[in-house]
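Report on the structure
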Amino acid sequence: MLTFSITHWQAWAPSISNQSCWQDWARAPFCPTVHDDAPRLDFLPLMQRRRLSAMARMVFASAWPLAEGRPPMPVVYASRHGETSRGFELLQTLARDEDLSPTSFALSVHNAILGQWSIVRQETCETVALSIDGDGAEHAFLEAGALQSRGHDQVLVILAEETPPGAYRPWTEDIPFSYAAAFVVERGANMSLELCADDTQPDDAGLPSPLNLLRHLALNTSRWHCRTGNRTWAWTRR
């Protein structure tokens, strides 16, 4: 069993930008009708904002307020599909037999957002980028626990996905809408995470694990389960 404390969290999705909005969404989950929105990031200079993709903007909007005023923290970033929009644009460029943009190629790799985060914040803490499966939230927190076991008191966990280009959507049903969520994970025991019996009934409302985590945090649920394949996870909040 992994024990820890989530002391702060913040998330962003189109039309769901603060905890009050997330509480409304958690009581009756819905899919926002706006898919091409992106946070403004007025706290960053214009030139830095222009270099960020829509997905990176979501990550910064969620994680930046949690990092401000705190000592630099190691970061665990987890995404299943990553920068699909950038990757699709690169494939279209190749199909037109045009030269690839070195910048677009460099920013399409899975850990590019972490690189941008480190550069913009001028921090050199350890960062981990995970390519995740259906129980990505659980594995991200396990990674945070591993960092804490090596002496880090606080870890910033970031979970993010973007609505994929239309050509990909028949194969990416696990992303109902674009979102990013950030959590400050500290030593403590107000939460626990463990594998449990496979026959336990999940409480996921058909949502991917990161959104299911947000839903239960917003609802102050004391215990819930999430199942992916043959793995069932139990979350407990004390």
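Whatever comes next refers back to the structure up there.
Bear in mind that the values here come from a model prediction, so they are computed numbers and not experimental data.

1. Topic: the overall build of the protein chain
In terms of helices and strands, the protein chain carries eight helices and seven strands. In terms of overall dimensions, the protein chain has C-alpha extents of about 55 × 40 × 30 Å along its principal axes. Residues classed as buried in the protein chain amount to 50% of the 238 residues present. Relative to all contacts within the protein chain whose residues are 6 or more apart in sequence, the contacts with residues 24 or more apart total 71%.

2. Focus on unusual backbone geometry
A positive phi is found at Q122, a non-glycine position, where the angle reads about 55 degrees. Inspection of the secondary structure assignment puts Q122 in the loop between α6 (112-121) and β3 (127-131). At N220, a residue that is not glycine, the phi angle is positive and equals roughly 60 degrees. Relative to the elements of secondary structure, N220 occurs in the loop between α8 (209-219) and β6 (223-228).

3. Thoughts on the pattern of salt bridges
Under the counting rule described, the total for this entry stands at twelve salt bridges. The closest approach of N and O atoms between E123 and R121, which form a salt bridge, is 3.0 Å. By relative accessible area, which is 13% here, E123 ends up buried. Close ionic contact of R150 with E126 constitutes a salt bridge, the shortest N to O distance being 3.1 Å. Of this pair, R150 sits in the loop between α7 (136-149) and β4 (154-161) while E126 sits in the loop between α6 and β3, placing them 24 residues apart in sequence. The network of salt bridges with shared partners includes R40, D42 and R49.

4. Concerning the nonpolar core
Core analysis: the biggest nonpolar cluster contains 39 residues, and F4, W9, W22, F141, V157, F183 and L213 have the highest contact counts within it. Element by element, the count of residues in this core is highest for strand β5 (residues 179-196), at six residues. In this view, F4 contacts F141, Q148, V185, E186, G188, A189, N190, M191, S192, L193 and W235; residues no more than four positions away in its chain are not counted. Ranked by size, the runner-up nonpolar core spans 27 residues in total, among them V59, A67, V75 and W117.

5. As for a nonpolar patch on the surface
Taken together, the side chains of L91, L94, L100 and F105 make up a nonpolar region of the molecular surface, amounting to roughly 370 Å² of accessible area. As for its placement among the helices and strands, L100 is situated in the loop between α4 (84-95) and α5 (102-108).

6. Overview of α8
When you tally the buried positions in α8, you get ten out of eleven residues, the bulk of the element. Residues of α8 that are buried include every one of S209, P210, L211, N212, L213, L214, R215, H216, L217 and A218, and no others. Looking one or two places after α8, you find N220, whose phi comes out positive at around 60 degrees.

7. Points about the packing of aromatic side chains
In this description, an aromatic ring pair is defined by two values, namely the gap between the centres and the angle between the planes. Inspection of every chain in the model, using the stated rule, returns twelve aromatic pairs. Between W22 and W25, the ring centres sit 5.2 Å apart and the planes meet at 80 degrees, which makes this aromatic pair edge-to-face. Within this pair, W22 and its partner W25 are both found in helix α1 (residues 19-27), separated by three residues, close to a single helical turn. Residue W22 is classed as buried on the basis of its relative accessible area, which comes to 0%.

Reading the values: the criteria
Residues numbered from 1 in each chain as written. Predicted model: local features only at pLDDT ≥ 70, side-chain atom pairs only at ≥ 80, totals over all residues. Heavy atoms only, no water. Helix = DSSP H or I, 4+ residues; strand = E, 2+ residues; numbered from the N terminus. Buried < 20%, exposed > 50% of the residue type's maximum accessible area, 1.4 Å probe, protein only. Contact = heavy atoms within 4.5 Å. Salt bridge = Lys/Arg side-chain N within 4 Å of Asp/Glu carboxyl O. Core = buried A, V, L, I, M, F, W, Y, C linked by side-chain atoms within 4.5 Å. Patch = residues over 30% accessible without salt bridge, like charges linked within 9 Å, V, L, I, M, F, W, Y side chains within 5 Å. Areas by Shrake-Rupley, 256 points an atom, 1.4 Å probe, with all protein chains shown as cover. Phe/Tyr/Trp six-rings, centres within 6.5 Å; stacked < 30°, edge-to-face > 60°.

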